[in-house]
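For reference, the chains in residue letters:
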Amino acid sequence: MSKSSNQLSQQSKTSSDKSHVAIVVTLTIVINGLVTLLFFMEGLGGDIEAFDLTILPMMNAIFNSFTTVFLFTALFFILKKNITMHKRFIYAAFSSTGLFLVTYVTYHALAESTAYGGTGAIAGIYYFILISHIILAIIIVPLAIWTFLKGITSQVEKHRKIARWTMPLWLYVSITGVIVYLMISPYY
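(A) Structural context of the overall build of the protein. What the protein contains, in helices and strands, is 5 helices and 0 strands. Each helix and strand of the protein, placed in order from N terminus to C terminus, yields the pattern α-α-α-α-α. Among the 188 residues that make up the protein, the fraction classed as buried is 35%. Relative to all contacts within the protein whose residues are 6 or more apart in sequence, the contacts with residues 24 or more apart total 81%. When the accessible surface of the protein is summed, it comes to about 11600 Å², and 70% of that surface belongs to carbon and sulfur atoms.

As structure tokens, this is what we get:
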């Protein structure tokens, strides 16, 4: 490769990285900002005729369950070096996570917060899981998007380095999302 070819390649990578940073920052601010806004906002009261809003948290848990299955399957396929199937299951994980986000935002925009009714040690366990879930959910947004962008642009080394962190954290968030739902569901 000639010197000018190397320079063009380097400029292309730098441009790509800058656009990826812009995408990651924008989506992180929009997604985490929206969820934060909903946290501080009272729900609209849930006075929607003929629709039981409490179905939405169950749907959240179902979408989180699908995400968990898709992520484990994507991990299985990448360990088997089947990149095509790995990509398909990552796309599926992003799809189920997107559906989760829609139902989560809809529920929290329309319904008032549900208080956890457990006491004692179980309440401590619930709040530990909930707080760790929330913190890591905030972190996973940019990590997952960055990892995805590096993967689809064939920046394999960068993708592998960050995926080692992204995969276990995303799995933790999706699994604990289901656990949080199962623990709070009796109080809806």
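(B) How the structure looks around helix 2 (residues 55–79). When the terminal C-alpha atoms of helix 2 are compared, their 36 Å separation across 25 residues agrees well with the 36 Å that a helix rising 1.5 Å per residue should span. Along its buried surface, helix 2 packs onto helix 3 (83–110) and helix 5 (156–184). Count one or two residues on from helix 2 and you reach Lys-81, which has phi positive near 65 degrees.

(C) Broad picture of helix 5. With 29 residues, helix 5 extends 40 Å from end C-alpha to end C-alpha; this agrees with the ideal 42 Å at 1.5 Å per step. Ala-163 marks where helix 5 bends most, by close to 40 degrees.

(D) Focus on the packing of helix 3 against helix 5. In the contact formed by helix 3 and helix 5, the axes pass within 14 Å of each other and the chain directions differ by 45 degrees. If you check the angle between helix 3 and helix 5, you find them oblique. Along this stretch, helix 3 crosses helix 5, giving a crossing that reads as left-handed. Of the residues in helix 5, those touching helix 3 at His-86, Ile-90, Ala-93, Phe-94 and Thr-97 are His-159, Met-167 and Trp-170. Of the residues contributing to the contact of helix 3 with helix 5, the split by class is 5 nonpolar, 3 polar and no charged.

(E) A look at a nonpolar patch on the surface. A surface patch of nonpolar side chains, about 530 Å² in accessible area, is lined by Tyr-127, Ile-131, Ile-134, Ile-135, Ile-138 and Ile-139. Within the secondary structure layout, Ile-134 lies in helix 4 (residues 121–152). Looking at Ile-134, the relative accessible area reads 41%, which means it is partly exposed.

(F) Representation of the packing of helix 3 against helix 4 in the model. The geometry of helix 3 relative to helix 4 is characterised by a closest axis approach of 12 Å and an angle of 150 degrees between their N-to-C directions. By the angle between their directions, the pair helix 3 and helix 4 is classed as roughly antiparallel. The handedness of the crossing between helix 3 and helix 4 comes out as left-handed. Facing Ile-90, Tyr-91 and Phe-94 of helix 3, the residues of helix 4 in contact are Ala-144, Ile-145, Phe-148 and Ile-152. Broken down by class, the residue content of the contact of helix 3 with helix 4 amounts to 7 nonpolar, no polar and no charged.

(G) Broad picture of the environment of Thr-103. Position of Thr-103 relative to the elements: it lies in helix 3. On a C-alpha basis, the gap between Thr-103 and Leu-56 in space is 5.8 Å, while along the polypeptide they are 47 residues apart. Ignoring any residue separated from it by four or fewer positions in sequence, one finds Thr-103 in contact with Leu-56, Met-59, Asn-60 and Phe-63.

Basis of the calculations
- Residues numbered from 1 in each chain as written.
- Predicted model: local features only at pLDDT ≥ 70, side-chain atom pairs only at ≥ 80, totals over all residues.
- Heavy atoms only, no water.
- Helix = DSSP H or I, 4+ residues; strand = E, 2+ residues; numbered from the N terminus.
- Buried < 20%, exposed > 50% of the residue type's maximum accessible area, 1.4 Å probe, protein only.
- Contact = heavy atoms within 4.5 Å.
- Areas by Shrake-Rupley, 256 points an atom, 1.4 Å probe, with all protein chains shown as cover.
- Expected span 1.5 Å × (residues − 1).
- Bend = angle between axes of the 7 residues up to and from the residue.
- Axes fitted to C-alpha atoms, helices over the stretch in contact; angles between N-to-C directions.
- Parallel < 35°, antiparallel > 145°, perpendicular 65-115°, else oblique.
- Left-handed = near helix turned anticlockwise from the far one by under 90°.
- Nonpolar A, V, L, I, M, F, W, Y, C, P; charged D, E, K, R; others polar.
- Patch = residues over 30% accessible without salt bridge, like charges linked within 9 Å, V, L, I, M, F, W, Y side chains within 5 Å.
- Salt bridge = Lys/Arg side-chain N within 4 Å of Asp/Glu carboxyl O.

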